[in-house]
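# Chains, contacts and geometry: an overview
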Amino acid sequence: MKRPNELEKDVQSTSTLVQLTSVFESLASMQIAKVKNEVLQSQQFFDKLWQIYTQIRVDSIFHFGRRLNQGQVSEKELFIVITAEGGFSGDIDQKLIKWMLGKFNKDKNDIIVVGHHGAVQLAQNGVGYKRYFKLPSKDKNINVAPIIKEVQSYATTKVFYQQYVSLMVQDVKSISLSGMVEEKGGGVGKSDEIISEETYIFEPSTFEVIDHLERTMLQIALSQVILESKLAQYASRFRAMGAAHQRADESHADFVLQYNRAKRAVKDERLREIINGLKLSRGAV
């Protein structure tokens, strides 16, 4: 059995661990509430843009904001995989990467990875990627323009990300980026007003205005997917910290019990020594 002073150190260490896991659990819970609010606000802005876009569209095809500047478009499909920046997000990143790699073909797909943890996972699997972007540290005003610039070089783009189902359940999902914009716009109420060059002045031109709207909506849609992933990561972290907190609490209680027993054993040993000493002294008399 360990000595009381040794067990006291274990008690202090596990007590600190209990406090730390509780703090991380609380932080993850607060971040979830903030991200939910940010997603709601960005969706409201997207809805307004979509209404304007549908009133001035000149055709029914979404052009990724490259109507006037086609350039060279790759026939490969681009995969964007969104992961955590660090490994402190439970096991959901591993699940996402494994699922994405099951659909990946190096001759048909290029990969852009968002989040350092995903880049490490791909390297461990011996899979290369075209670009790496850090996961935005902030949960608002996310700048995805550099990623959208890459997206415009591909005919199609699919995004792989973590989906928040509930605080205790997170899943992985993939969706076409252009399809995601159309899906988000599908629930927006339509206006009867028609915006045309006959009633409005477009500078520098109608097509450039439409391209700008498409790029902006792509940025909002991708930002929302990143926020959705971060929401799932926070929830996964909350779940992991909850489990760690429970284990730490149980270990702490066990060490406290051992510590009290060890202290009692020392007291009992001293008492026996005193009693034995009294018996010896009486015997000598």
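Above this text sits the structure in question.
Conventions and cut-offs
- Residues numbered from 1 in each chain as written.
- Predicted model: local features only at pLDDT ≥ 70, side-chain atom pairs only at ≥ 80, totals over all residues.
- Heavy atoms only, no water.
- Helix = DSSP H or I, 4+ residues; strand = E, 2+ residues; numbered from the N terminus.
- Buried < 20%, exposed > 50% of the residue type's maximum accessible area, 1.4 Å probe, protein only.
- Contact = heavy atoms within 4.5 Å.
- Areas by Shrake-Rupley, 256 points an atom, 1.4 Å probe, with all protein chains shown as cover.
- Polar contact = N/O pair within 3.5 Å; in protein donor to acceptor, adjacent residues only side chain to side chain.
- Salt bridge = Lys/Arg side-chain N within 4 Å of Asp/Glu carboxyl O.
- Pairing = 2+ DSSP bridges.
- Axes fitted to C-alpha atoms, helices over the stretch in contact; angles between N-to-C directions.
- Phe/Tyr/Trp six-rings, centres within 6.5 Å; stacked < 30°, edge-to-face > 60°.
- Core = buried A, V, L, I, M, F, W, Y, C linked by side-chain atoms within 4.5 Å.

Time to look at the overall build of the chain. Across its full length, the chain holds six helices and five strands. Starting at the N terminus and ending at the C terminus, the chain contains elements arranged as α-β-α-β-α-β-α-β-β-α-α. By the burial criterion, 39% of the 285 residues in the chain qualify as buried. For the chain, contacts bridging at least 24 residues in sequence account for 78% of all contacts bridging at least 6. Taken as a whole, the chain presents about 16400 Å² of accessible surface, with 52% of it coming from carbon and sulfur.

We now examine the environment of Tyr200. The topology assignment puts Tyr200 in the loop between α5 (177-186) and α6 (206-284). Look past the residues within four positions of Tyr200 in its chain and what remains in contact with it is Glu193 and Ile195.

A few words now on the environment of Gln162. Tracing the backbone shows Gln162 in strand β4 (residues 154-164). Between the alpha carbons of Gln162 and Val172 there is a distance of 4.5 Å; along the sequence they are ten residues apart. Apart from residues lying up to four places away in sequence, Gln162 is in contact with Ile82, Thr83, Ala84, Ile92, Asp93, Leu96, Asp171, Val172, Glu228, Ser229, Ala232 and Gln233. A polar contact is formed between the side chain of Gln162 and the side chain of Asp93, at a distance of 2.5 Å. Among the polar contacts made by the side chain of Gln162, one reaches the side chain of Ser229 at a distance of 3.1 Å.

Here the focus is the pattern of salt bridges. Tallied over the full model, the rule gives four salt bridges. What emerges from the salt-bridge pattern is a single network uniting Lys130, Arg131 and Glu150.

Attention now moves to the sheet that holds strand β3 (residues 131-133). Pairing within the open sheet is mixed, and its five strands lie in the order β3-β2-β1-β4-β5. Each edge of the open sheet is held by one strand with a lone partner, namely β3 and β5 (170-176). Strand after strand, the sheet turns through a mean of 20° between neighbouring axes, direction not considered. As judged from the six bridges shared by strand β1 (residues 74-82) and strand β2 (residues 109-114), these two strands associate in the parallel manner. Counterpart to Glu77 in the pairing with β2 is Asn109. Here helix α2 (residues 92-101) sits on the sheet in contact with β1, β2, β4 and β5, set at roughly 35° to β5.

Attention shifts here to the packing of aromatic side chains. The full count for this structure, using the stated rule, is two aromatic pairs. On the basis of an interplanar angle of 65° and a centroid distance of 4.8 Å, the ring pair of Phe79 and Phe160 is categorised as edge-to-face. Note that Phe79 is positioned in strand β1 and Phe160 in strand β4, a separation of 81 residues in sequence. Across this residue pair, the class does not change: Phe79 and Phe160 are buried. Judged by centre distance (5.5 Å) and plane angle (75°), the ring pair of Trp99 and Phe160 falls under edge-to-face. On the criterion of sequence distance, the pair formed by Trp99 in helix α2 and Phe160 in strand β4 is long-range, its members being 61 residues apart.

This part covers the environment of Gln170. Within the secondary structure layout, Gln170 lies in strand β5. With a relative accessible area of 9%, Gln170 lands in the buried category. Taking C-alpha positions, Gln170 is 9.5 Å from Ser229, a pair spaced 59 residues apart along the chain.

Another point: the pairing of β1. The pairing of β1 with β4 spans six bridges and is classified as parallel. Each bridged residue has a counterpart across the sheet, and for Phe79 the counterpart in β4 is Lys158.

Moving on, we come to the nonpolar core. Judged by nonpolar contacts, the single largest core of 56 residues is most densely connected at Ile80, Val81, Ile82, Val159, Val181 and Met217. The biggest single contributor to this core is α6, with 14 residues. Val81 has contacts with Leu96, Ile97, Met100, Ile111, Ile112, Val113, Val114 and Phe160, leaving out every residue within four places of it along the chain.

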